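What follows is the residue order along each chain.
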Amino acid sequence: MRVVIADDSVLFREGLARVLVEHGHRVEHAVGDVASLLRVVAADRPDLAVVDIRMPPAPTAMGGQPPIDAGPGSGTDGDPDGAEAAVVIRAEHPATAVLLLSQHIELRHCVGLIGTDGFGYLLKDRVLDLAEFDAAARRVAAGGSALDPEIVRALVRSQSAPPAVAGLTVREREVLALVAQGLSNVAIAARLHLSDRTVEAHMRSVFTRLGLHDDGGTHRRVLAVLRYLDVRLGPVAESGSVP
Amino acid sequence: MVVVTTGLATAVVLAGVLIGAALGLGAPLVLCLACSVAVAVAWVVVRHSPRSAVGPALAWSSGCVAVVQINDVLAASAYGPDPLPLASVAAHLWVGSWPVNLLGVFLLLLVFPGGARGGWWSTLPWVYVAATTAVMAAMWDLQQSDGQVVGDLPAPRQVTLLIGLATVGVCLALAVLSLVLAYRRGDPPSREQIRWLVLAGATVVVCLVVGWVLGSLGARIEVAYGPFLVAIVVLVPLAVGIAVVRYDLFDVDRLLGAGAAAVISAVISAGIFALVVLGMSQLVRAGTALGPSTAAFVTALVLLPLHRWVSRVVGRVLDRERTVALAAVNRFAADVSAGRRPPEEIEAVLRAAQRDPGLVLVLAAPDGRWVGMDGSPASKPDDRAADPAAGITVQSRGVPIARVRLTRDSARTRRRIGDLARVAWMPIEVCRLRLALREALAETHASRLRFAESSAAERLRWAQDLHDGAQQQLVAVGMRLRLLQRAAAGDAGLDTGLRLAITTELEAAVADLQGCVAELRRLAQGVRPARLEDGLPAALEAIRDATPLPMELSVDPGMLGVDETHALTAYLVVAEAVANVLKHADASRIEVHVAGHSDRLTVRVRDDGVGGLDSDAPLAALRDRVSSVGGTLDVHSPRGRGTTVSVVI
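Here the structure is a predicted model, which means the values were calculated and not measured. (Residues numbered from 1 in each chain as written. Chains lettered and ligands numbered in written order. Predicted model: local features only at pLDDT ≥ 70, side-chain atom pairs only at ≥ 80, totals over all residues. Heavy atoms only, no water.)

With that settled, consider the overall build of chain A. A tally of helices and strands in chain A yields eleven helices and six strands. For chain A, the proportion of its 243 residues judged to be buried stands at 51%. If you take every contact in chain A between residues at least 6 apart in sequence, the share linking residues at least 24 apart comes to 64%. In the structure as shown, chain A presents an accessible area of about 10300 Å², 54% of it carried by carbon and sulfur atoms. (Helix = DSSP H or I, 4+ residues; strand = E, 2+ residues; numbered from the N terminus. Buried < 20%, exposed > 50% of the residue type's maximum accessible area, 1.4 Å probe, protein only. Contact = heavy atoms within 4.5 Å. Areas by Shrake-Rupley, 256 points an atom, 1.4 Å probe, with all protein chains shown as cover.)

Structure (structure tokens):
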């Protein structure tokens, strides 16, 4: 699969490129700012863009070379940063999936993308679990989703959950949390040491309890995750993610 | 016209002097010489205000006296062995001529200080002239010898004389009345000018009374009435001259007031002395010293309070403006002392008292700057007293503390404001110190806020440094280790045991690195919570999610645009307050409410714990944090009924 990497730290960029190459991907470009990212995505239409959420908007060094390290404070509010670039890419190039990376939990402008197809958001150190990271990257590139458990936890309002979600059993919530992270039923079964059928039964129960009836598509999963996350999605996100 | 009239009077006075000198007559010579003082002053006045009728009137006030003197000399010679020319005519007029003496003074009263009064007043001189003519006609041909009129008058001439004299008296009274009216209708400068004349006139009267007293006590007539004559021919012209040329030369009001008060006090205490002596002589046998000594004692006892009282009353009557102004400022100073009025009103009070709406009070700040009442910088006042904009300096222990700038500036207003400023010293000093204190406090607040802002910025930078620097590099190193591990695992050439050892070791190393990254993230979180990036509400939700107790979080949905410093402060306040609750309160639930905006953010943390927080010690750090951004912290903690911490920042 063809990948573009955007991160203002050369060290991280090179490391990530090697990791992806090792896992059989082709890294088309590794850039360090938002403008370059948008340019190469528009030119090459890669399958996946791995994007740092904090990035300088434009090259700051001479000769168009990406800076080695733009330093702290770059990409602050007001300039387009990685999160906004992700929104732009998903809107303008639907064929290119986006995997956002961050040093810490921050949602910023990408809230609308969370839980939608072809989008993932992980903390950077997840890269160190090579297999899981590769799996998440492939899943996102294939049109699925991947959310970091920490981000899911930050999004879920533990004590003021919506009434519909409050009606779920502990196990059902557990399953739903993993669905929210982007795992398939099979992966969830493996994670929770359950049989695939049990997980499917839990999901059916979740759909029932949330009042989501089978409409012939697979959007019930997305809707359930959205209910679960309660990320205060605006109308844009709902109309964009649910056909 | 003015010059001609004044010159005529001068000629008459000179003629009097020459005649007196030529004939060797002492009294007319001295009198005419004294009159020349008035003439000299009259010329000064004419030079100063060439259009004013005051100069000629002043010249003729002595010129008329000289005319009568010359007439007297001529008339006297008619009865001597060697009559002078015109002597017979002069002799006919001799006795009846004396109202002419007062004609000049009469005219002066009618034109001082601003010129002829106009209206029916202008007919008054003609009435006076007619009355004088009547008197002269009635006394036609009468002779006098050694000051006594010789011969009797027939009845018709007596009636004419009576009418003439009465008319002269009425005219003089009306002239004085015209001066009083001029005073009451006049502007401050003309009042000041009239006061000079009143001062001289009062001196003349006092000298006259003193002369009577001395004469009745047996003093020689020259000694007794000398001061009176000098006063009338020298002091009055001088006073008129000063009034016209430099009416604000001295503080005539105070002179007048103090003089009048002294005279009245002296008269009253003399009366008391006499009464007591009289009373004692009735009570005890005459001849003892008891009466006078008791009287002296009583008088001494009464004199000082009496003088104060008289001064106040006289001041109120003679110099009403100054007395009222001083009283107003005095009352204000007392009100300030009693805390009834703020000292900052002093400028308005001085404006009203000084009747100068453009008056400006400039304070000397302790650091040497000159500032207005509101603390705005004022230009440095010029110290030259001649500069009208500079006003007067108010001093406290030799140090200038303020300056009063006047728009209606004269020697008189300066004296007035000087008096007022001496009384207003205390409110001015308080204003100045309060201003300095306010500025110092504002500076302290500003510097604390700057410190809080730089601290917030610092925290943001530290957190980003941790994330983008150390954390990022650790992850990069981790990736290299992972790739190495992968390479080792896939390398068939390696010994199995070694491969296992390498991969296991690398696995552990990466796990350690992940621990490090998590730890760094936790540290950065403590320095500045990353969730603040998503807004204060999101960051507060993170606190709630990390709190083991049920925590109800309500955030005003309209809360927008909270800057980094305030958001961080609010976050840290909630975090610390919640930590306090967990540590001390033994509570079962916590409520957190946040509302407002960047200008005014309110945070309330309430628990249902033990309460009874009677000392501030546990909240000292919290209070410091809040006051560093100029906020306030309020604790309500009844025993057994929970604690509420309310913060406004």
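Here the focus is the packing of helix H7 (residues 170-180) of chain A against helix H9 (residues 196-209) of chain A. Residue and element names in this part refer to chain A. Running from amino to carboxyl end, H7 crosses H9 at an angle of 95 degrees, the nearest separation of the two axes being 9 Å. As judged from the angle between their axes, H7 and H9 are roughly perpendicular. In this structure, H7 uses Arg171, Glu172, Val175, Leu176 and Val179 to contact H9, whose residues at the interface are Val199, His202, Met203, Ser205, Val206 and Arg209. (Axes fitted to C-alpha atoms, helices over the stretch in contact; angles between N-to-C directions. Parallel < 35°, antiparallel > 145°, perpendicular 65-115°, else oblique.)

Before going further, it helps to spend a moment on empty space enclosed by the protein. Enumeration over the complete set of coordinates arrives at five cavities of 30 Å³ or more. Taken together, A:Arg54, A:His104, B:Leu460, B:Ala463, B:Gln464, B:His467, B:Asp468, B:Arg528, B:Pro529, B:Ala530 and B:Glu533 make up the full set of residues lining the second largest cavity. Considering only residue class, the lining of the second largest cavity consists of four nonpolar, three polar and four charged. (1 Å grid on protein atoms, 1.4 Å probe; cavity = no way out; pocket = protein on both sides within 12 Å on 5 of 7 lines; lining within 4 Å. Points joined across faces, edges and corners; volume = space filled by probe spheres on them. Nonpolar A, V, L, I, M, F, W, Y, C, P; charged D, E, K, R; others polar.)

With that settled, the discussion passes to the layout of surface pockets. All names here are of chain B. Roughly 1300 Å³ of internal volume is contained in the largest pocket. What lines the largest pocket is a set of 36 residues, among which Leu102, Val105, Val204, Ile232 and Val236 lie closest to the centre. Looking at side-chain class alone, the lining of the largest pocket contains 30 nonpolar, five polar and one charged residues.

Another aspect to go through is the sheet that holds strand S3 (residues 360-364) of chain B. Residues and elements named next belong to chain B. Taken in spatial order, the four strands of this open sheet run S4-S3-S6-S5, and their pairing is antiparallel. What marks the edges here is a single partner per strand, and that holds for strand S4 (370-371) and strand S5 (392-396). Both S3 and strand S6 (residues 399-405) contribute to a ladder of four bridges, which runs antiparallel. Bridged to Val362 within S6 is Arg403. Here helix H14 (residues 411-423) sits on the sheet in contact with S5 and S6, set at roughly 20 degrees to S5. (Pairing = 2+ DSSP bridges.)

Before going further, it helps to examine the nonpolar core. Ranked by internal contacts, the top residues of the largest apolar core, which has 57 residues, are B:Val54, B:Leu58, B:Phe106, B:Phe112, B:Leu197 and B:Val240. Here this core gets twelve residues from one element, more than from any other, and that element is helix H3 (residues 54-78) of chain B. Membership of the second largest hydrophobic core comes to 47 residues, among which are A:Ala6, A:Leu37, A:Met203 and A:Val225. (Core = buried A, V, L, I, M, F, W, Y, C linked by side-chain atoms within 4.5 Å.)

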